[in-house]
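Now for the letters of each chain:
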Amino acid sequence: MKQKWSIGLVLLVLVSCSDAETPTQKPAPEVSKIIELPPVDKGPVEFMGLIDVQSINDQIFADLRYATDSNFMGFQLYETIKRPYLQPDVAERLSKCQDYLSEIDSSLHLLIYDASRPVSVQKLMWEALDTIPPSLRGRYVSNPNNRSLHNMGAAVDLTICDADGVPLDMGADFDEFAEIAYPRMEAHFLQKGALSREQYQSRLLLRSVMKSQGFRQLPTEWWHYNAYSRDVARSKYKVLLNEPDSPTKH
C-alpha cells in the first residue's frame, strides 16, 4: 500500500533569503478550500504541435483560470483554449511528475492553472499591469516582446490537489502579487509566522515532484515551473501568437 506523504519524504535545500529588513506583510489570505473543476472540454487533443496533457495522463487535473473570470484580470481571457496544452516532450515529463506524486500519495494530483498561453493574451496581461514599472513588472508577467516560455508551450502553472480537486494550502493564492508568493522569500515568512510549516511543506512537495523531471521554479511564483531555459525553448519550438480558430484576434 502506498504511504501518505510526510515531512520526512521531502528534503530540499533552499537558498537563504536576504537578512535585509522587509516591510511588514499582511497575514496570508485564506486559500479557498473548495473548487469546482470545469468539465472536460471536447476541443482538439492536439493543435500546432501542442498536446493536451490530460490526454496522456488522466490523473492530472486542470482548472484553467484564464479560460474563466477567476483570475487577476477579472474576466475570461481564453476564447477557445479549454485544455492544458504543452509541447509533447514537456507533457511527457509532467506526466512522469504525476506518476512520482502518485507513488508518494495516490490521492494527490497535479492541478494545472495555465499551460500554453498565446502572445495575444500575454500582451493583455502586460498592459493591465501598466502601473508597475517595466523593470518590476517582469516579476509577475513576462514582457510579450521577449516571449514567455508559456508562449512556447514550455512552462506550466500548477499546484497539488486531493482527489476532490481541493488544492493544498500554499499560503498564497495563484497569481498573488505579493512577496509571500515568492519561493525565495519562504524562509523569511516562515520565520515571521506568516507562512505556516504545513504551507511550507506543501510547497516543498510540489517543488520536489517537479524537480524530479528537471522543471525549474520561478523565484517569484510558487506555482510557475519552466521546462527549459528561454534560449533552449526558442531553439526547439515555435511561438503561439494567437488562439487557434479564435473569433477575435487580440
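Just above, that's the structure.
What you see is a predicted model; the values in this text were computed from it and never measured.

A. Here's a closer look at helix 1 (residues 88-104). The end-to-end C-alpha separation of helix 1 is 25 Å, in line with the 24 Å expected for 17 residues at 1.5 Å each. On its buried face, helix 1 sits against strand 2 (50-52), strand 4 (85-86), strand 5 (109-114), strand 6 (155-161) and helix 5 (197-211).

B. Layout of the packing of helix 1 against helix 5. Viewed as axis vectors pointing N to C, helix 1 and helix 5 meet at an angle of 130 degrees, and their least axial separation amounts to 8 Å. Between helix 1 and helix 5, the interaxial angle falls into the category oblique. For helix 1 against helix 5, the interelement crossing comes out right-handed. Of helix 5, the residues touching helix 1 (which contributes Leu94, Cys97, Tyr100, Leu101 and Ile104) are Leu205, Ser208, Val209 and Met210. The residue makeup of the contact of helix 1 with helix 5, split by class, is eight nonpolar, one polar and no charged.

C. Spotlight on the packing of aromatic side chains. With the rule as written, the count across this model stands at seven aromatic pairs. Considering the side-chain rings of Tyr66 and Tyr78, the 6.0 Å spacing of their centres and the 80 degrees angle between planes classify their relative orientation as edge-to-face. On the criterion of sequence distance, the pair formed by Tyr66 in the loop between strand 3 (61-62) and strand 4 and Tyr78 in the loop between strand 3 and strand 4 is long-range, its members being 12 residues apart. Here a set of aromatic residues connected by ring pairs shows up, and it is made of Tyr66, Tyr78, Tyr113, Phe174, Trp222 and Trp223.

D. Here's a closer look at the pairing of strand 6. Among the seven residues in strand 6, seven count as buried, and that is most of the element. With burial as the criterion, each face of strand 6 is covered, one bearing Ala155, Asp157, Thr159 and Cys161 and the other bearing Val156, Leu158 and Ile160. Alignment of strand 6 against strand 8 (residues 224-226), held across three bridges, turns out to be antiparallel. Each residue of the ladder has a partner; that of Val156, found in strand 8, is Tyr225.

E. Region of interest: the pattern of salt bridges. The full count for this structure, using the stated rule, is eight salt bridges. Residues Asp173 and Arg65 are paired through a salt bridge, measuring 3.8 Å at the closest nitrogen-oxygen approach. Here Arg65 lies in the loop between strand 3 and strand 4 and Asp173 lies in the loop between strand 6 and helix 4 (186-192), a separation of 108 residues in the sequence. Classification of Asp173 as partly exposed rests on a relative accessible area of 32%. Arg117 is the salt-bridge partner of Asp157, the closest N and O atoms lying 3.5 Å from each other.

F. Summary view of the sheet that holds strand 1 (residues 46-47). Pairing in this open sheet of three strands is antiparallel, and the strands run 1-2-4 from one edge to the other. The two strands at the open ends of the sheet, each matched to only one other strand, are strand 1 and strand 4. Bridge count between strand 2 and strand 4: two bridges; the pairing is antiparallel. Bridge pairing in strand 4 places Asp52 opposite Tyr85.

G. Broad picture of the sheet that holds strand 6. With mixed pairing, five strands are arranged side by side in an open sheet as 3-5-6-8-7. The open sheet has two edge strands, strand 3 and strand 7 (216-217), and neither has a second partner. Against the sheet, helix 1 engages strand 5 and strand 6, with an angle of about 145 degrees to strand 5.

H. Region of interest: helix 2 (residues 119-128). By the burial criterion, the buried members of helix 2 are Val119, Ser120, Val121, Gln122, Met125 and Trp126. In this fold, the buried residues of helix 2 make contact with helix 3 (134-137).

I. Region of interest: unusual backbone geometry. At Arg147, a position not held by glycine, the phi torsion is positive, near 70 degrees. Note on placement: Arg147 falls in the loop between helix 3 and strand 6.

J. Here's a closer look at the environment of Val119. One can find Val119 in helix 2. With a relative accessible area of 10%, Val119 lands in the buried category. Once the C-alpha coordinates of Val119 and Asn242 are considered, the two residues, 123 residues apart in sequence, prove to be 6.3 Å apart. The residues touching Val119, leaving out its near neighbours within four places in the chain, are Pro144, Arg147, Asn151, Val239, Leu240 and Leu241.

Calculation criteria
Residues numbered from 1 in each chain as written. Predicted model: local features only at pLDDT ≥ 70, side-chain atom pairs only at ≥ 80, totals over all residues. Heavy atoms only, no water. Helix = DSSP H or I, 4+ residues; strand = E, 2+ residues; numbered from the N terminus. Expected span 1.5 Å × (residues − 1). Contact = heavy atoms within 4.5 Å. Axes fitted to C-alpha atoms, helices over the stretch in contact; angles between N-to-C directions. Parallel < 35°, antiparallel > 145°, perpendicular 65-115°, else oblique. Left-handed = near helix turned anticlockwise from the far one by under 90°. Nonpolar A, V, L, I, M, F, W, Y, C, P; charged D, E, K, R; others polar. Phe/Tyr/Trp six-rings, centres within 6.5 Å; stacked < 30°, edge-to-face > 60°. Buried < 20%, exposed > 50% of the residue type's maximum accessible area, 1.4 Å probe, protein only. Pairing = 2+ DSSP bridges. Salt bridge = Lys/Arg side-chain N within 4 Å of Asp/Glu carboxyl O.

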